[in-house]
Amino acid sequence: MQYRRLGRTDLNVSLICLGTMTWGQQNTEAEGHEQMDYALDQGINFIDTAELYSIPPRRETQGSTETIIGSWFKSRANRDKVILASKVVGRSDNTWFRDDGSKAELSRKQIEEAVNKSLKRLQTDYIDLYQIHWPDRPMPWGSNPTIYKHQEGDSHPIGETVEIMTDLVKAGKIRHFGLSNESAWGTMSFLKHAEAKGQARVQSVQNAYNLLNRTYEVALAEVSLREQVSLLAYSPLAQGYLTGKYLDGARPAGARTTLFERGQRYENPTADAAIRKYIALAKEFGLDPAQMALAYVNSRSFVTSNIIGATTMDQLKTDIASINVTIMPELEKRIDAIHVEHCNPCP
């Protein structure tokens, strides 16, 4: 396993991070424990979760993933071996996150309630990296989020959020904080407010990054490298579409899109053409398509950790083994050629 520094902290996290969002719906508690046991044996020291999980979001299963991780910590007595990341939801009309039935927002009261409930479910005294799952301000979440359409709406000031996170660090409930589904402007604004008042600094951004969605490279990659704000790349297999298992309308038993029909982002003619070319390229170079896609993410200088998720042990073993695949210059050249021809079909 390889390790990279998380932001400007003293934490060195594994290049492969274990994602957990299927635990509590697609995966049982026992399967979650098995995945964590194996990951730890392979040198993975970084686990990512959220108060939102499991996925898809449901009142009945909210928090179930953190509960599974907490029972694993208790049974294994190994909290000190894991760098643990979790998240607080951003602004949402969903009311099941808070005890008083309020719609979710990033107020001090709600953030403090969220972190306290996460700590209880996780059976730990602290969270190493506490992330804002999505911004409190209105953002373009539509069919093409790369086309910015300004929206006004209620939001808590970023400076206020930085102050709250700083207080949580001082209280010892979290060690560091990060962002998720954030823009370059948002990330730099958090950094600006922290620097102005000597407060806790953003250490990471968890955004989607894969062969079908390289939009992070447009502006945020420079922020990551110049400001030492780590990219924690999620959806590196584009929800499994880069494996080819959904080609020609296939719906494998137990797969996420089969169960929940949440893969529409990856179902368009341009994406289909790109997926076929990436799979053919992997086979030409004698590689597993999933491992090639993951290895590409692993190889980027602005990526600190690649968040994988699996529902079977075979998938998990394949994904972790991507650490042994090298993207040689000729292969990268060919990947980039496909990207130019089919640029970011699934942002």
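Not measured: the values here are computed from a predicted model.

1. Here's the deal with the environment of Arg201
Okay, so step 1: Checked against the element boundaries, Arg201 lands in the loop between helix H5 (184–197) and strand S8 (202–208).
Okay, so step 2: Beyond its immediate stretch of four places on either side in the chain, Arg201 contacts Arg8, Phe177, Leu191, Ala194, Glu227, Gln228 and Val229.
Okay, so step 3: There is a polar contact of 2.9 Å between the side chain of Arg201 and the backbone oxygen of Glu227.

2. Details of the state of the cysteines
Between two cysteines, a covalent bond joining their sulfur atoms is known as a disulfide.
Okay, so step 1: With the rule as written, the count across this model stands at zero disulfides.
Okay, so step 2: In this model Cys343 remains outside any disulfide bridge; the closest cysteine sulfur is found in Cys346, 11 Å from its own.
Okay, so step 3: For Cys343, a relative accessible area of 47% gives the class partly exposed.

3. Some points on the pairing of strand S5 (residues 83–88)
Okay, so step 1: With six of six residues buried, S5 lies mostly within the body of the structure.
Okay, so step 2: Side chains of S5 alternate between two faces, with Ile83, Ala85 and Lys87 and Leu84, Ser86 and Val88 buried alike.
Okay, so step 3: Of the strand pairs in this sheet, strand S4 (residues 46–48) and S5 are connected by three bridges, and their pairing is parallel. By the bridge assignment, Ile47 is partnered in S5 with Leu84.
Okay, so step 4: Sheet topology places S5 next to strand S6 (residues 127–132); four bridges connect them, and they run parallel. Paired with Ser86 across the bridge in S6 is Tyr130.
Okay, so step 5: Handedness of the crossover is the feature at issue here: the chain leaves S5, passes through helix H3 (residues 108–122), returns alongside S6, and the resulting connection is right-handed.

4. A few points about the packing of aromatic side chains
Okay, so step 1: Inspection of the entire model under this criterion finds seven aromatic pairs.
Okay, so step 2: Consider the rings of Tyr216 and Phe302, whose centres lie 6.0 Å apart with planes at 20°: the pair is stacked. Of this pair, Tyr216 sits in the loop between S8 and helix H6 (220–227) while Phe302 sits in the loop between helix H9 (289–298) and strand S10 (303–308); the two residues are 86 residues apart in sequence, bridging distant segments of the chain. Judged on exposure class, the residue Tyr216 and its partner Phe302 are both buried.
Okay, so step 3: Both rings, one in Tyr241 and one in Tyr246, keep their centres 4.4 Å apart while their planes meet at 40°; by these two values the pair is tilted. Neither Tyr241 nor Tyr246 differs from the other in exposure class; each is buried.
Okay, so step 4: Aromatic ring contacts, followed pair by pair, group Tyr209, Tyr216 and Phe302 into a single cluster.
Okay, so step 5: Its guanidinium or amino end placed over the ring of Tyr126, Arg79 lies 4.1 Å from that ring's centre, counting from NZ or CZ.

5. A word on the sheet that holds S6
Okay, so step 1: Pairing within the closed barrel is parallel, and its eight strands lie in the order S3-S4-S5-S6-S7-S8-S9-S10. Each strand of the sheet is rotated relative to its neighbour by a mean of 30°, with strand direction disregarded.
Okay, so step 2: As paired elements, strand S7 (residues 174–180) and S8 share three bridges and run parallel to each other. Within S8, the position partnered with Ser180 by the bridge is Gln206.

6. Quick notes on the side chain of Ser54
Okay, so step 1: Along the chain, Ser54 falls in the loop between S4 and helix H2 (64–76).
Okay, so step 2: Judged by its relative accessible area of 0%, Ser54 falls in the buried class.
Okay, so step 3: Polar contacts involving the side chain of Ser54 include one to the side chain of Ser64, which spans 3.4 Å.

Rules used in this analysis
- Residues numbered from 1 in each chain as written.
- Predicted model: local features only at pLDDT ≥ 70, side-chain atom pairs only at ≥ 80, totals over all residues.
- Heavy atoms only, no water.
- Helix = DSSP H or I, 4+ residues; strand = E, 2+ residues; numbered from the N terminus.
- Contact = heavy atoms within 4.5 Å.
- Polar contact = N/O pair within 3.5 Å; in protein donor to acceptor, adjacent residues only side chain to side chain.
- Disulfide = S-S within 2.5 Å.
- Buried < 20%, exposed > 50% of the residue type's maximum accessible area, 1.4 Å probe, protein only.
- Pairing = 2+ DSSP bridges.
- Right-handed = clockwise from strand over helix to strand, strands pointing away.
- Phe/Tyr/Trp six-rings, centres within 6.5 Å; stacked < 30°, edge-to-face > 60°.
- Lys NZ or Arg CZ within 6 Å of the ring centre and 35° of its normal.
- Axes fitted to C-alpha atoms, helices over the stretch in contact; angles between N-to-C directions.

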